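Secondary and tertiary structure notes
Chain residues, written in single-letter form:
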Amino acid sequence: MNIKEVVIEPIYKLFRAGQNAYYEAGLNRYQGDKYDLTTLQISNYFSFRTSPFNVDLRKLAYYTEHQMIPAPKRVGINSFLGGSIGKYKYKTSLMLWYIGELKKRGIKSQDELRLHIYNYFHTENLPPKPVSDTPFAERYIYTWRISKITPVLLPEFEDFNIYMENEEPIPAKKATYYFEGKPFDQILFFERNLTEKENEFLKILRKNKEFLSASGIKTYILNSKEEVEQKDIMDLFVFKDYPIVSDDDDKKSYRDLLNKKYTFQNI
């Protein structure tokens, strides 16, 4: 046995168990107001992960100057000289990813980009609830918000359908997060609102260790007999809360839900 099997894997399993217990107890808090990331860290997250566009210090300064994202907390003379040096809000990397997703959809007006940012990253209120035509990027942010957590890293997405007996599959995406090139976490997100029946089914899957293990990240090793052996290195994490279908979902449009009264100071 190597040091990874003896030390690292047990520690990870213990950490994961504690993380799950903390989440199940409802003790997690929305971390959107925290100033935990340096400007350089934000830039690095976009440099080693696939992203919609390259992010560097000049782009961070530009978005701050034009009030696309909140200004950094002033922490020293570099803040005043550089305009974007200091501590950025914990959610900044997610904001930058979202701006990239909006630009992919052809939304390039600064006023409209700001409006989307204000609605989906307001620090006190939840973003607009997704409806039938809400794009996946907004669903992704909304799921994080109702789960009272904010991601730091950017994921790679892959299609992952959930099958129910005699029912249409639930379209989903499996998000894998990497840190320094290695898998760090894996979480399930859905591409549409869930019905009550689907939500109940998902609650069962959340407790199903076989499903979590089978759907998680795997690695293959050669054991002492030089046989290929599969090892699960990470379970798939399934949130408790997802957008649920309501009677008026089809009567609303995604764009009509945007609140135009939000101001830059609200973030």
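For the structure, see preceding data.
Residue indices begin from 1 for each chain and proceed along its sequence in written order. Only residues with pLDDT of 70 or above have their local features reported here, since the model is predicted, and side-chain atom pairs are shown and tallied only from 80 upward, although totals for entire chains, interfaces and linings are computed over all residues. Only hydrogens and water are removed before side-chain values are computed, so all heavy atoms of the structure are retained for them.

1. Details of a nonpolar patch on the surface
Together, Tyr 220, Leu 222 and Val 228 line one region of the surface with nonpolar side chains, adding up to about 380 Å² of accessible area. What counts as a helix is a DSSP run of H or I of at least four residues, what counts as a strand is a run of E of at least two, and both are numbered from the N terminus. If you trace the backbone, Tyr 220 turns up in strand β6 (residues 217–222). Patch membership requires over 30% relative accessible area and the absence of a salt bridge. Like charges are linked within 9 Å, and nonpolar side chains (Val, Leu, Ile, Met, Phe, Trp, Tyr) within 5 Å. Each accessible area is a Shrake-Rupley estimate made with a 1.4 Å probe; only the visible protein chains count as cover when residues are assessed. By definition, a salt bridge exists where a carboxyl oxygen of Asp or Glu is found within 4 Å of a side-chain nitrogen of Lys or Arg.

2. Here's the deal with empty space enclosed by the protein
For each structure, a 1 Å grid was placed over the protein atoms alone; sets of points admitting a 1.4 Å probe that cannot get out are labelled cavities, open sets with protein on both sides within 12 Å along at least five of seven lines are labelled pockets, and lining residues have an atom within 4 Å of a point. Grid points are joined across faces, edges and corners, and a volume is the space filled by probe spheres set on the points. Applying the stated criterion across every chain yields a total of 1 cavity of 30 Å³ or more. Looking at the largest cavity, the residues that line it are Tyr 30, Leu 94, Phe 121, Ile 141, Trp 144, Arg 145, Ile 149, Thr 150 and Pro 151. Of the residues forming the lining of the largest cavity, the biggest block, 3 residues, is contributed by helix α7 (residues 136–146).

3. Overview of helix α5 (residues 92–104)
One less than the number of residues in a helix, times 1.5 Å, gives the span that helix is expected to have. Its 13 residues place the ends of α5 19 Å apart at the C-alpha level, agreeing with the 18 Å of an ideal helix rising 1.5 Å per residue. Burial of α5 is extensive: 11 of the 13 residues sit out of reach of the surface. For α5, the complete set of buried residues consists of Thr 92, Ser 93, Leu 94, Met 95, Leu 96, Trp 97, Tyr 98, Ile 99, Gly 100, Glu 101 and Leu 102. Of the residues one or two after α5, Gly 106 is the one with positive phi, at around 90°. Burial here depends on accessible area, computed with a 1.4 Å probe over protein chains only, as a share of the maximum for the residue type. Under 20% is buried, over 50% is exposed, and the range in between is partly exposed.

4. Focus on the sheet that holds strand β5 (residues 182–190)
The pairing of strands in a sheet happens through backbone hydrogen bonds and is either parallel or antiparallel. Here, a strand pair is defined by DSSP locating no fewer than two bridges between the strands. In space, the 3 strands of this open sheet follow the order β3-β4-β5, with antiparallel pairing throughout. Both outer strands of the open sheet, β3 (155–159) and β5, are each paired with one neighbouring strand and no more. Looking at each pair of strands side by side, their axes are set apart by 25° on average, direction ignored. With 8 bridges joining them, strand β4 (residues 172–179) and β5 adopt antiparallel strand pairing. Bridged to Ala 172 within β5 is Phe 190. Residues count as neighbours in contact if any of their non-hydrogen atoms are within 4.5 Å of one another. In this analysis, axes come from line fits to C-alpha atoms, helices being fitted only over the stretch in contact, and the angle between any two N-to-C directions falls in the range 0 to 180 degrees. Contacting β3, β4 and β5, α7 crosses the sheet at an angle of about 105° to β5.

5. Considerations on the packing of α5 against helix α6 (residues 110–121)
Viewed as axis vectors pointing N to C, α5 and α6 meet at an angle of 135°, and their least axial separation amounts to 11 Å. Between α5 and α6, the crossing angle belongs to the class labelled oblique. Seen from above, α5 lies across α6 with right-handed handedness. Listed contacts from α6 to Leu 94, Met 95, Tyr 98, Ile 99, Leu 102 and Lys 103 of α5 are Leu 113, His 116, Ile 117, Tyr 120 and Phe 121. Across the contact of α5 with α6, the residue classes break down as 9 nonpolar, 1 polar and 1 charged. Note on terminology: angles under 35 degrees are roughly parallel, angles over 145 are roughly antiparallel, angles of 65 to 115 are roughly perpendicular, and the others are oblique. Each crossing is labelled by how the near helix is turned from the far one, with a counterclockwise turn of less than a right angle marking it left-handed and a clockwise turn marking it right-handed. Under the convention adopted here, Pro, Cys and the residues Ala, Val, Leu, Ile, Met, Phe, Trp and Tyr are nonpolar, Asp, Glu, Lys and Arg are charged, and Gly plus all remaining residues are polar.

6. Some points on the nonpolar core
Core analysis: the biggest nonpolar cluster contains 60 residues, and Leu 96, Tyr 98, Leu 188, Phe 189 and Phe 190 have the highest contact counts within it. For this core, the leading source of residues is α5, giving 7 residues. With sequence-adjacent residues up to four places away left out, Leu 188 is seen in contact with Phe 160, Ile 162, Ala 172, Lys 173, Leu 202, Leu 236, Phe 237, Val 238, Phe 239 and Tyr 242. As used here, the term nonpolar core means buried Ala, Val, Leu, Ile, Met, Phe, Trp, Tyr and Cys residues forming a set that is joined through side-chain atoms within 4.5 Å.

7. Re the packing of α6 against α7
In the contact formed by α6 and α7, the axes pass within 10 Å of each other and the chain directions differ by 30°. Here α7 runs roughly parallel to α6, going by the angle between their axes. Taking contact as the criterion, the partners of His 116, Tyr 120 and Phe 121 in α6 are, on α7, Glu 138, Ile 141 and Arg 145. Classifying every residue of the contact of α6 with α7 by side-chain character gives 3 nonpolar, 1 polar and 2 charged.

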